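# Structure assessment
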Amino acid sequence: MKKKKIVVVVGLIILSAIIFIMVSGFKQNTIYYIEVHELQQNPDKFTKKGIRISGDVLDGSVKKDEINKHLEFIMIDKTGAKMNVVYNGIIPDAFKESIQVIVEGKYDKNTNTFAANTLLAKCPSKYEAEVEKQK
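In short, a report on the structure.

## Considerations on a nonpolar patch on the surface
Taken together, Ile6, Val10, Ile14, Ile18 and Met22 make up a surface patch of nonpolar side chains, about 460 Å² in accessible area. If you trace the backbone, Ile14 turns up in helix α1 (residues 2-28). By relative accessible area, which is 47% here, Ile14 ends up partly exposed.

## Some remarks on the packing of aromatic side chains
As enumerated under the stated definition, the model contains one aromatic pair in all. Plain terms: the ring middles of Phe73 and Phe95 are 5.3 Å apart, the flat faces sit at 55 degrees to each other, and that makes the pair tilted. Of this pair, Phe73 sits in strand β4 (residues 70-76) while Phe95 is found in the loop between β5 (82-88) and β6 (100-108), placing the two residues 22 residues apart along the sequence. Residues Phe73 and Phe95 agree in their burial class; the two are buried.

## Quick look at the environment of Asn110
Among the secondary structure elements, Asn110 is positioned in the loop between β6 and β7 (113-121). Asn110 gets classed as exposed once you look at its relative accessible area, which sits at 68%. Counting along the chain gives 67 residues from Asn110 to Pro43, while the straight-line C-alpha distance between them is 9.6 Å.

## Remarks on the pairing of β6
Side-chain positions along a regular strand alternate between the two faces of the sheet. Examined bridge by bridge, strand β2 (residues 51-57) and β6 share six bridges and lie antiparallel to one another. Each residue of the ladder has a partner; that of Gly55, found in β6, is Val101. As judged from the eight bridges shared by β6 and β7, these two strands associate in the antiparallel manner. Residue pairing across strands places Ile102 opposite Leu120, the latter belonging to β7.

## Structural notes on the pattern of salt bridges
Evaluation of the coordinates by the stated rule reveals four salt bridges. Residue Glu35 is joined to Lys78 by a salt bridge in which the shortest nitrogen-to-oxygen separation is 3.3 Å. Pair noted here: Glu35 is in strand β1 (residues 32-35) and Lys78 is in the loop between β4 and β5, with a separation of 43 residues, a long-range link. One salt bridge connects Lys109 with Asp44, and the closest N-O pair in it is separated by 2.3 Å. Placement of Lys109 in the loop between β6 and β7 and of Asp44 in helix α3 (residues 43-46) is noted, with a sequence separation of 65 residues between them.

## Notes on the pairing of β5
Every second residue of β5 is oriented toward a common face, the buried set being Met83, Val85 and Tyr87 and the non-buried set Lys82, Asn84, Val86 and Asn88. With antiparallel pairing between neighbouring strands as the criterion, β4 and β5 make up a hairpin whose turn holds five residues, including Gly80 at a positive phi of roughly 95 degrees. Of the pairings in the sheet, the one linking β5 to β7 comprises four bridges and is parallel in character. Paired with Tyr87 across the strands is Ala116, a residue of β7.

Reading the values: rules and limits
- Residues numbered from 1 in each chain as written.
- Predicted model: local features only at pLDDT ≥ 70, side-chain atom pairs only at ≥ 80, totals over all residues.
- Heavy atoms only, no water.
- Patch = residues over 30% accessible without salt bridge, like charges linked within 9 Å, V, L, I, M, F, W, Y side chains within 5 Å.
- Areas by Shrake-Rupley, 256 points an atom, 1.4 Å probe, with all protein chains shown as cover.
- Salt bridge = Lys/Arg side-chain N within 4 Å of Asp/Glu carboxyl O.
- Helix = DSSP H or I, 4+ residues; strand = E, 2+ residues; numbered from the N terminus.
- Buried < 20%, exposed > 50% of the residue type's maximum accessible area, 1.4 Å probe, protein only.
- Phe/Tyr/Trp six-rings, centres within 6.5 Å; stacked < 30°, edge-to-face > 60°.
- Pairing = 2+ DSSP bridges.

Right, here's the structure in full:
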């Protein structure tokens, strides 16, 4: 009977440790998905945390250096809120002005600049329509 109690106690300790590791891992790797105006309304909540933001590339704001893989542009959301985005990395082929993008990285509220480490360009819906026509 004493061995059963020991096994149960050890099992509970191991289970508790696994749950603790999982919960703490989720908290550290949480990435918020928001829009520009939400970030600007409460920048302290998101400053220097991993976040994902969606918006449009403002016409005339793109500065691209394909040789050095450096990109700067202004992101705007549906409310008209704007922020600067700086990205270093491979620039997606679909990236252009007026397209919807999703950036992932960290925000600096002092300069209203988002340092993106991931840039995803949403494909225009015209590609979806062409695929449907081919079926």
